[in-house]
Amino acid sequence: MAKSGITPTPQLGEKHNGIPARLFDKAGHAKSSIWDIATKPEEKKLKKIAIPQGIEETKFFEALEDLKNQLGPENVELVEKLVDGWYMENPNTHDGMHILDDEELVASAVVYPGSTADVQKIVLWANKYRIPIFPISIGRNFGYGGAAPRVRGSVVIDLGRRMNKVLDINPDDCTCLVEPGVTFFALYEEIQRRGHKHLWIDVPDLGGGSVMGNTLDRGVGYTPYGDHWTFHSGLEVVLPTGEVIRTGMGALPNNNSWQIFPYGFGPYSDGIFTQSNFGIVTKLGMALMPDPGGYESYLYTFQKEEDLAPLVEIIRPLRIANILENVAQLRHVLEQVACSGKPRSTYWKGEGAIPDHVIHEVAKTLSHGDCTWLYYGMAYGPKEIRQYKLDIIHKEFMKIPGARRIDPTTLPKNDYFWSRDRIAAGIPDLEELAWVNWHPNGGHIAFSPVSPVRGPDATALWKLAKTRCGQYGLEFFPTYCVGMREMHLIVEIVFDRNNPTMRQNVDKCIRAMIDDAAKAGYGEYRTHLALMDQIAGTYNWNNNALMRFNEKLKDCLDPAGILAPGKSGVWPARYRGRGWEIGKEGRQSSEGDGVAPAPGSTRL
Ligand code: ADP
């Protein structure tokens, strides 16, 4: 990457996916620290456009001309080069954090619809020419594939660029209705602009993703409204054959309850549009949280690795009883070390994973001092209500020998603690990006198994990750995100995108962890495109009955097999039995051997 002339980050006023003015300087700092250690060339010209299998090259270009005629030539772009960029200037052509070779999961073209009617046109076009399409809202689903399509050469539908309106904010019902391109940053700023100070949103660690993309991928945030899918109400969806539906109360003309009652009448269909390839969502309703009347963050540290199990046993009943009110973050101290934004080489230049004693030496210099685990939480409500809960939490957490409560008043304004404080209060931030600098050209990928909130499960997953990462000489950043009755362990592994050996080691390591976890009865809640087949294969109870059901739905809803083939391991009939699945052997090529001709005609 070029070290000089780093361009400023686009702002929200200029671009739908830009940075709010209040975070402009922070973005500039984050960008320059990435550029400072980057060695991968900034841009790569493709030798050839990635034409998807199943269509001849000349026919493909004819089809694109047809699409340009329908949508305007300015709304269809060929993909001729790859620029990985960074979080705030993410590519919509491929995975900016590619674990496979960067030319594997790439688009042939990107198209920009301006309305639901345009999305219908694109879907009908894809059916006519049998060209795979792949929808993104913003394409910042980093760690899980970003904007990349699963099938090489798919046409990416970038919904966000032109469909990015906050369609409604209802300050009385505390709800909103958004288009695909509304980011958490944009929704927050819009609520402030409209003066609805009593409305909170819920945000994930980084605020640049779309409310829609995150919710459809079943992402989480850190206020009491953290399970985004639970708090959605109402979808508008373009089906793979071009019809448009509205779910829940949206199916009732002239209704005024679409965003307040998610179920409507009859079979509840919304769930099949998450982590799926059954439809393209063009509108999403969400509940907003009323200002709870006060909030207070807290941080506890725990000294020993073995403290994990008793701590998790303490957490479970408190979380279920809602004394611990938000999706808690229980993090390992190594992630805190990495949060300083300094590369690994600052601390350790040796072979293999960085030794524990080095981590603890560095931890001693951090604001919270040496420890192994950190619990970041927040109490909500007026002072007396908060205090009631905080006292219980303190009494329980201090039962762990060596536990410490960190006094927030001792922490400087720029301490990481205050970023967690903002996020748990629904104020989107950009801080979490810092640990991607652990390696130059830092990419990251996650292994995210679900387990009960129990000590033995927490310990089993910790040991599993530690053993496998140790075997491959990798550091990992584990965070337990405690939902109401389950927790996801998010194991983030950072790698150098420019180092194929490291990428392959990370790939092997995660595939081994998925396999180990499945044997022990743990499955992942969400994953990267390259790992979807393997994970789908672990959800195989009763001779793969669930996958056979999903395939039946897919073939019925998408007979031509054009929408996001292979997403979540669900392949349309035309692709099945042709080796498209990447199993635990971890093949580096993402493609299979051809596509069967589609059935003679679709239903349209
Ligand atoms: P983000 O907005 O957080 O950057 P992405 O746009 O990267 O999220 O999308 C995350 C995932 O959700 C991807 O797998 C993508 O295919 C899917 N997705 C995003 N938007 C839509 C949509 N409007 N309809 C259907 N699937 C979508």
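Every chain begins its residue count from 1, and numbering advances along the sequence as written. Totals for whole chains, interfaces and linings use all residues, but because this is a predicted model, local features are given only for residues with pLDDT of at least 70 and pairs of side-chain atoms are given and counted only at 80 or more. The side-chain numbers reported here are obtained from all heavy atoms of the structure, hydrogens and water having been left aside.

## Digging into the pairing of strand S8 (residues 175-178)
And step 1. Of the two faces of S8, both are covered, the one formed by Thr175 and Leu177 as well as the one formed by Cys176 and Val178.
And step 2. As defined by bridge partners, strand S7 (residues 166-170) adjoins S8 across four bridges and the pair is classed as antiparallel. Bridge assignment links isoleucine 169 to a residue of S8, and that residue is cysteine 176.
And step 3. Being paired, for any two strands, means DSSP has found at least two bridges between them. The numbering of helices and of strands both runs from the N terminus, where a helix is a DSSP run of H or I of at least 4 residues and a strand a run of E of at least 2. The pairing of S8 with strand S12 (residues 280-287) spans four bridges and is antiparallel. Of the residues in S12, the one forming a bridge with valine 178 is leucine 284. Throughout, exposure labels follow a simple rule: accessible area from a 1.4 Å probe, protein chains only, divided by the maximum for the residue type, with under 20% read as buried, over 50% as exposed, and the rest as partly exposed.

## Describing the sheet that holds strand S10 (residues 232-238)
And step 1. Spatially, five strands are ordered S7-S8-S12-S10-S11 in an open sheet, and the strand pairing comes out antiparallel. The sheet is open, and its two edges are formed by S7 and strand S11 (244-246), each paired on a single side. If you compare each strand with its neighbour and ignore which way they point, the axes differ by 10 degrees on average.
And step 2. Across five bridges, S10 lies against S12 in antiparallel orientation. Note that in S12 the partner of histidine 232 across the bridge is methionine 286.
And step 3. Packed onto the sheet, helix H4 (residues 184-193) meets S7 and S8 and runs at close to 50 degrees relative to S7. All axes here are fitted lines through C-alpha atoms, helices being fitted over the stretch that makes contact, and every angle between N-to-C directions spans 0 to 180 degrees. Whether two residues touch is decided by their heavy atoms; if any such pair falls within 4.5 Å, the residues are in contact.

## A look at the pattern of salt bridges
Close approach of charged atoms allows side chains with opposite charge to pair.
And step 1. Salt bridges are defined as contacts in which a side-chain nitrogen from Lys or Arg sits within 4 Å of a carboxyl oxygen from Asp or Glu. Applying the stated criterion across every chain yields a total of 46 salt bridges.
And step 2. Lysine 40 is the partner of aspartate 102 in a salt bridge, and the nearest nitrogen-oxygen pair spans 3.1 Å. Taken as a pair, aspartate 102 in the loop between strand S3 (81-83) and strand S4 (109-111) and lysine 40 in the loop between helix H1 (24-37) and strand S1 (43-45) lie far apart in primary sequence, 62 residues in all.
And step 3. For lysine 40, a relative accessible area of 8% translates into the label buried.
And step 4. A salt bridge links arginine 161 to glutamate 77, with the shortest nitrogen-to-oxygen separation between them at 3.8 Å. Of this pair, arginine 161 sits in the loop between strand S6 (155-158) and S7 while glutamate 77 sits in strand S2 (residues 76-78), placing them 84 residues apart in sequence.
And step 5. Classification of arginine 161 by relative accessible area gives partly exposed; the value is 39%.

## Regarding the site of the ligand
And step 1. To be near a molecule or strand, a residue needs just one of its heavy atoms within 4 Å of it. For the ligand, the set of nearby residues contains 20 residues, the closest of which are Pro135, Ser137, Arg140, Ser210 and Val281.
And step 2. Between the ligand and glycine 139 there is a distance of 2.8 Å, counted from an oxygen atom to a backbone nitrogen or oxygen.
And step 3. Within the side chain of serine 210, an N or O atom sits 2.4 Å from an oxygen atom of the ligand.
And step 4. Shrake-Rupley sampling with a 1.4 Å probe provides the accessible areas, and residues are treated as covered by the protein chains on show and by no other component. Burial of the ligand by the protein amounts to 96% of the accessible area it has alone, namely 550 Å².
And step 5. Residue contributions to the shell around the ligand peak at four residues, all from helix H5 (residues 211-216).
And step 6. Only Asp, Glu, Lys and Arg are considered charged, only Ala, Val, Leu, Ile, Met, Phe, Trp, Tyr, Cys and Pro nonpolar, and every remaining residue, Gly among them, polar. Of the residues contributing to the shell around the ligand, the split by class is nine nonpolar, nine polar and two charged.
And step 7. Both domains that meet at the shell around the ligand, namely domain 2 (38-163 + 542-603) and domain 3 (166-290), each give it at least three residues. Under this definition, polar contacts are N or O atom pairs within 3.5 Å; protein pairs additionally need one hydrogen-donor-capable and one acceptor-capable atom, and for neighbouring residues in sequence, both atoms have to be side-chain atoms. For the purposes of this description, domain bounds are those given by an automatic or database domain assignment.

## Structural notes on the nonpolar core
And step 1. One finds Trp125, Ile133, Phe397, Ile493 and Met513 to be the most contacted residues of the largest nonpolar core, which totals 97 residues.
And step 2. Broken down by element, this core gets its largest block of residues, seven residues, from helix H12 (residues 500-519).
And step 3. Residue contributions to this core reach at least three from each of two domains, namely domain 2 (38-163 + 542-603) and domain 4 (298-455 + 476-507 + 523-534).
And step 4. Note on terminology: a nonpolar core comprises buried Ala, Val, Leu, Ile, Met, Phe, Trp, Tyr and Cys residues joined through side-chain atoms within 4.5 Å. Grouped together as the second largest cluster of nonpolar side chains are 46 residues, Leu235, Leu288, Ile427 and Val570 included.

## Topic: the packing of aromatic side chains
To describe a pair of aromatic rings, you give the distance between the ring centres and the angle between the ring planes.
And step 1. Classification of ring pairs uses Phe, Tyr and Trp, with its six-membered ring standing for Trp, and accepts pairs whose centres are within 6.5 Å; under 30 degrees between planes counts as stacked, over 60 as edge-to-face, and the remaining range as tilted. Counted by the stated rule, this structure contains 25 aromatic pairs.
And step 2. A centroid spacing of 6.0 Å and a plane angle of 50 degrees characterise the contact between tryptophan 125 and tyrosine 129, whose relative ring orientation is tilted. With tryptophan 125 and tyrosine 129 both in helix H3 (residues 116-129) and four residues apart, the pair spans about one turn of that helix. In this pair, the class of tryptophan 125 matches that of tyrosine 129, namely buried.
And step 3. Residues tryptophan 571 and tyrosine 575 carry aromatic rings whose centres are separated by 5.7 Å and whose planes lie at 35 degrees to one another, so their mutual orientation is tilted. This pair shows no difference in class: tryptophan 571 is buried, exactly as tyrosine 575 is.
And step 4. Here the aromatic cluster, defined as three or more aromatic residues joined through ring pairs, consists of Tyr298, Tyr300, Phe302, Tyr375 and Phe397.
And step 5. As a reminder, the over-ring test applies to NZ of lysine and CZ of arginine, requiring each to be within 6 Å of the ring centre and within 35 degrees of the ring normal. The aromatic ring of tyrosine 87 is capped on one face by arginine 140, whose charged end is 5.3 Å from the ring centroid.
And step 6. The positively charged end of arginine 420 is found above the aromatic ring belonging to tyrosine 222, 4.7 Å away from the centroid.

## Focus: the side chain of glutamate 179
And step 1. Relative to the helices and strands, glutamate 179 is located in the loop between S8 and H4.
And step 2. Polar contacts involving the side chain of glutamate 179 include one to the main-chain amide nitrogen of lysine 165, which spans 2.9 Å.
And step 3. Discounting residues that sit within four places of it in the chain, glutamate 179 has contacts with Met163, Asn164, Lys165, Leu167, Met212 and Thr282.

## Let's talk about the packing of helix H11 (residues 455-471) against H12
And step 1. Running from N to C, H11 and H12 cross one another at 150 degrees; their axes reach a closest spacing of 9 Å. Both H11 and H12 take part in a crossing whose hand is right-handed. Of H12, the residues touching H11 (which contributes Leu464, Ala465, Arg468 and Cys469) are Cys509, Ala512, Met513, Asp516 and Ala517.
And step 2. Across the contact of H11 with H12, the residue classes break down as seven nonpolar, no polar and two charged. If you view the pair so one helix is near and one far, a crossing is left-handed when the near helix is turned anticlockwise from the far one by less than a right angle, and right-handed when it is turned clockwise.

## Here we look at the domain arrangement of the protein
And step 1. Under the domain assignment used here, the protein contains domain 1 (1-36), domain 2 (38-163 + 542-603), domain 3 (166-290) and domain 4 (298-455 + 476-507 + 523-534).
And step 2. On a C-alpha basis, the centres of domain 1 and domain 3 stand 28 Å from each other.
And step 3. Reported buried area values correspond to the accessible surface (1.4 Å probe) lost by two parts on association, with both partners' losses combined. Around 500 Å² of area is buried between domain 1 and domain 3 when both sides are counted, 72% of it from carbon and sulfur atoms.
And step 4. The largest per-residue losses of area from domain 1 upon contact with domain 3 belong to Leu12, His16 and Arg22, which jointly make up 58% of the total buried on that side.
And step 5. For the pair domain 1 and domain 3, the number of links is one salt bridge.
And step 6. With a closest N to O distance of 3.0 Å, arginine 22 and glutamate 189 form a salt bridge.
And step 7. Counting every contact that joins domain 1 to domain 3 gives one residue pair in polar contact (both at pLDDT 80 or more).
And step 8. By residue class, the composition of the side of domain 1 that touches domain 3 is four nonpolar, three polar and one charged.

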